[in-house]
Amino acid sequence: MTEKLKRVFTYIESTDKFDAIDEVISKCTIFDELDDKEKFIRAVHRREKIQSTGIGHGVAIAHGKLSHLDRCRIALGYSDDGIIFDAHYPDPVHLVFVIASSQSRQAEYIHAVSNILSWVHDDSFRKDFSEKRHTRQIKAFLEILMKQEFLPRPI
């Protein structure tokens, strides 16, 4: 794995959702840019306790807001075994996105989430990811993740 990819992607070993989120934040160096990483972790945990960020299809988009961020920061963790994010939705989460954003950058946050959803709602994309196939679409998505320029999935 290249250093550029390690900045925004990691494999998750944890089986608890909070530990998995913490693992993504600690292993993905994009979050080292935050002024207060511990405050961000608390914000993500607080949000997760209000309502699970598991969205189905084996995907969760955990997020926390910090004031004065100049842009969103997004990383992805992948769990082979899956993590139960919510007892009401028992399908295991394999793709754990973590997003740091600011209240003043809500449009950027919504744009990024919308574009992430355009990728992860594709069954073949999730299957290729789970089977660790380096398809054109997986490479394209990881390139977008590394650049932090979220574009919708091409049709």
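See above for the structure.
Residues numbered from 1 in each chain as written. Predicted model: local features only at pLDDT ≥ 70, side-chain atom pairs only at ≥ 80, totals over all residues. Heavy atoms only, no water.

Participant: If you had to explain the sheet that holds strand β2 (residues 54–56) to someone new, which residues and values would you point to?
Facilitator: Spatially, the five strands line up as an open sheet ordered β1-β4-β5-β3-β2, and their pairing is mixed. Across the chains shown, the open sheet's two edge strands, defined by having one partner strand only, are β1 (9–11) and β2. Averaged over all neighbouring strand pairs, the angle between strand axes comes to 20°, with direction disregarded. Summarising the sheet, strand β4 (residues 73–83) and strand β5 (residues 93–101) pair through seven bridges and their orientation is antiparallel. (Pairing = 2+ DSSP bridges. Helix = DSSP H or I, 4+ residues; strand = E, 2+ residues; numbered from the N terminus. Axes fitted to C-alpha atoms, helices over the stretch in contact; angles between N-to-C directions.)

Participant: Tell me about the packing of aromatic side chains, and name the residues and values.
Facilitator: By the definition in use, this model includes 10 aromatic pairs. Through successive ring pairs, a cluster of aromatic residues spans F9, Y11, Y78, F97, W119, F125, F129 and F141. Above the plane of the ring of F18 lies K49, whose end atom (NZ or CZ) is 5.9 Å from the centre. Here K65 stacks its cationic end above the ring of Y109, 4.0 Å away from the centre of that ring. (Phe/Tyr/Trp six-rings, centres within 6.5 Å; stacked < 30°, edge-to-face > 60°. Lys NZ or Arg CZ within 6 Å of the ring centre and 35° of its normal.)

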